[in-house]
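The primary structure of each chain is shown beneath.
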Amino acid sequence: MRIDILTLFPEMFEALNSSIIGKAQESGLLDIRITDIRPFSKDKHKKCDDYPFGGGAGMVMTPQPLYDCINSIDPEHKAKRVYMSPKGKILKTALVADIAKSTDWLVILCGHYEGVDQRVLDLCIDEEISIGDYVLTGGELAAMVVVDAVARYVPKVLHCETSTDEESFSQGLLEYPQYTRPAVFMGLSVPDVLLKGNHADIVDWRNEEAIKITVKNRPDLLED
Ligand code: ADE
């Protein structure tokens, strides 16, 4: 899958060169390209923001550099183009899986300051996405969340393809607790049922634990 990220702060995306996402890039499963928006500005000082018409706090990203940047990368609008914004649709498992399934080319625009000129969104963007009900200083961290979450649904990125089936949220419940060796740590034992190895009992136990943790931390999931 190809993912283009458009940003005023390309250096923030170093984080995508590590761990599973880094390996997926090395093996060619992911082709992540970071583009600096600033060089596209036709302003003599490469300015990319200005005061909002109508007044108000902060600055707004001007349309010209964004428009030219997006269209130089995807002139025929073949990619799915998203804009990271607290005003967007909330990112949940269904949306993550849908993005991974519906496109092999994602363009992610990161905003800064008080947002971007609405005309860029009207002209160029397919969907606005929020990662939660809080406001970040920019869209970069949110974009990395989208990349990480979507990448997990790209075939072969995870070694174990069943991981996305059993984890939290995929069946409407949070995930059961996990244990590994040693069997006793600081006086705390791994639950007996897991040590005994009866598969049916383990499935029942995990289901009960998943319900317990969901009731405790996310009762709203059970209402759905
Ligand atoms: N940019 C600023 N806040 C954001 C959020 N909550 N989600 C996505 N992008 C953002």
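See the structure shown above.
These lines cover the structure that appears in this document, whether it is placed above or below. (Residues numbered from 1 in each chain as written. Predicted model: local features only at pLDDT ≥ 70, side-chain atom pairs only at ≥ 80, totals over all residues. Heavy atoms only, no water.)

**Topic: the overall build of the protein chain**
Here is step 1: Of regular secondary structure, the protein chain possesses 9 helices and 9 strands.
Here is step 2: Seen through its principal axes, the protein chain has C-alpha atoms that stretch 70 × 40 × 35 Å.
Here is step 3: Burial status across the protein chain gives 40% buried among its 224 residues.
Here is step 4: Long-range pairs, those at least 24 residues apart, make up 74% of the contacts in the protein chain between residues at least 6 apart in sequence.
Here is step 5: Here the protein chain has roughly 13400 Å² of accessible surface; of this, 55% comes from carbon and sulfur atoms. (Helix = DSSP H or I, 4+ residues; strand = E, 2+ residues; numbered from the N terminus. Buried < 20%, exposed > 50% of the residue type's maximum accessible area, 1.4 Å probe, protein only. Contact = heavy atoms within 4.5 Å. Areas by Shrake-Rupley, 256 points an atom, 1.4 Å probe, with all protein chains shown as cover.)

**Here's the deal with the site of the ligand**
Here is step 1: The environment of the ligand is formed by Met84, Ser85, Pro86, Ile129, Ser130, Ile131, Gly132, Tyr134, Val135, Leu136, Gly138 and Ala142.
Here is step 2: Contact between the ligand and Ile131: a nitrogen atom at 3.0 Å from a main-chain N or O atom of the residue.
Here is step 3: The contact in question runs from a nitrogen atom of the ligand to an N or O atom on the backbone of Leu136, over 2.9 Å.
Here is step 4: Alone, the ligand offers 260 Å² of accessible surface; in the complex the protein occludes 96% of this.
Here is step 5: Cavity membership is defined here by more than half of the atoms lying within 2 Å of grid points; on that basis the ligand lies in the second largest pocket. (Near = heavy atom within 4 Å. Polar contact = N/O pair within 3.5 Å; in protein donor to acceptor, adjacent residues only side chain to side chain. 1 Å grid on protein atoms, 1.4 Å probe; cavity = no way out; pocket = protein on both sides within 12 Å on 5 of 7 lines; lining within 4 Å. Sits in = over half its atoms within 2 Å of the grid points.)

**Notes on the environment of Lys196**
Here is step 1: Mapped onto the secondary structure, Lys196 falls in helix H7 (residues 192-196).
Here is step 2: Taking the C-alpha atoms as reference, Lys196 lies 30 Å from Arg218; in sequence the two are 22 residues apart.

**A word on the sheet that holds strand S1 (residues 2-7)**
Here is step 1: On the basis of which strands lie adjacent, the open sheet formed by 5 strands has the order S2-S1-S6-S5-S7 and parallel pairing. In the strand order of this sheet, the two ends are held by strand S2 (31-36) and strand S7 (127-130), each with one partner. The sheet shows a mean angle of 30° between the axes of neighbouring strands, taken without regard to direction.
Here is step 2: Strand direction decides the pairing type here: S1 and strand S6 (residues 105-110), joined by 5 bridges, are parallel. Among the inter-strand pairings, Leu6 is bridged to a residue of S6, identified as Leu109.
Here is step 3: Where helix H2 (residues 63-73) meets the sheet, it contacts S1, S2, strand S5 (80-90) and S6, and its direction lies at approximately 160° from that of S1. (Pairing = 2+ DSSP bridges. Axes fitted to C-alpha atoms, helices over the stretch in contact; angles between N-to-C directions.)

**A word on the environment of Ala94**
Here is step 1: Position of Ala94 among the secondary structure elements: in helix H3 (residues 93-102).
Here is step 2: The class for Ala94 is exposed, based on a relative accessible area of 61%.
Here is step 3: The sequence separation of Ala94 and Gly54 amounts to 40 residues, and the corresponding C-alpha distance is 38 Å.

**Details of the side chain of Lys80**
Here is step 1: Structurally, Lys80 is set in strand S5.
Here is step 2: In contact with Lys80, other than residues within four places in its own chain, are Ile99, Ser102, Thr103, Trp105, Leu106, Val107, Asp126 and Glu127.

**Thoughts on H3**
Here is step 1: When H3 is considered as a whole, its buried residues turn out to be Leu95, Val96, Ile99 and Ala100. Buried residues of H3, viewed axially, fall in a sector of 135°; they line one side. Looking at H3, the residues exposed on the side facing more than 90 degrees away from the buried face are Ala94 and Lys101.
Here is step 2: Summarising the contacts, the buried residues of H3 are in contact with S5, S6, S7 and helix H5 (140-151). (Arc of directions from axis to C-beta.)

**Some details on the layout of surface pockets**
Here is step 1: Its volume calculated, the largest pocket comes out at about 500 Å³.
Here is step 2: For the lining of the largest pocket, the secondary structure elements donating two or more residues are H3, H5 and helix H9 (219-223).
Here is step 3: Ranked by residues supplied to the lining of the largest pocket, first place goes to H3 with 3 residues.
Here is step 4: Looking at the lining of the largest pocket residue by residue, the class counts come to 10 nonpolar, 3 polar and 6 charged. (Points joined across faces, edges and corners; volume = space filled by probe spheres on them. Nonpolar A, V, L, I, M, F, W, Y, C, P; charged D, E, K, R; others polar.)

**Topic: H5**
Here is step 1: Relative to the 16 Å expected for 12 residues at 1.5 Å per residue, H5 spans 16 Å between its end C-alpha atoms, a close match to the ideal helical length.
Here is step 2: Burial of H5 is extensive: 9 of the 12 residues sit out of reach of the surface.
Here is step 3: Within the span of H5, buried status applies to Glu140, Ala142, Ala143, Met144, Val146, Val147, Ala149, Val150 and Ala151. (Expected span 1.5 Å × (residues − 1).)

**Remarks on the nonpolar core**
Here is step 1: Ile5 and Ile108 are the most contacted members of the largest nonpolar core, which totals 30 residues.
Here is step 2: Sorting the residues of this core by element identifies S1, helix H1 (19-26), S5, H3, S6 and H5 as the ones contributing at least two each.
Here is step 3: When sequence neighbours within four positions are dropped, the list of residues in contact with Ile108 reads Ile3, Asp4, Ile5, Leu6, Val82, Met84, Ala143, Val146 and Val147.
Here is step 4: Core analysis: the second largest hydrophobic core is formed by 19 residues, Ile37, Ile73, Trp105 and Leu121 among them. (Core = buried A, V, L, I, M, F, W, Y, C linked by side-chain atoms within 4.5 Å.)

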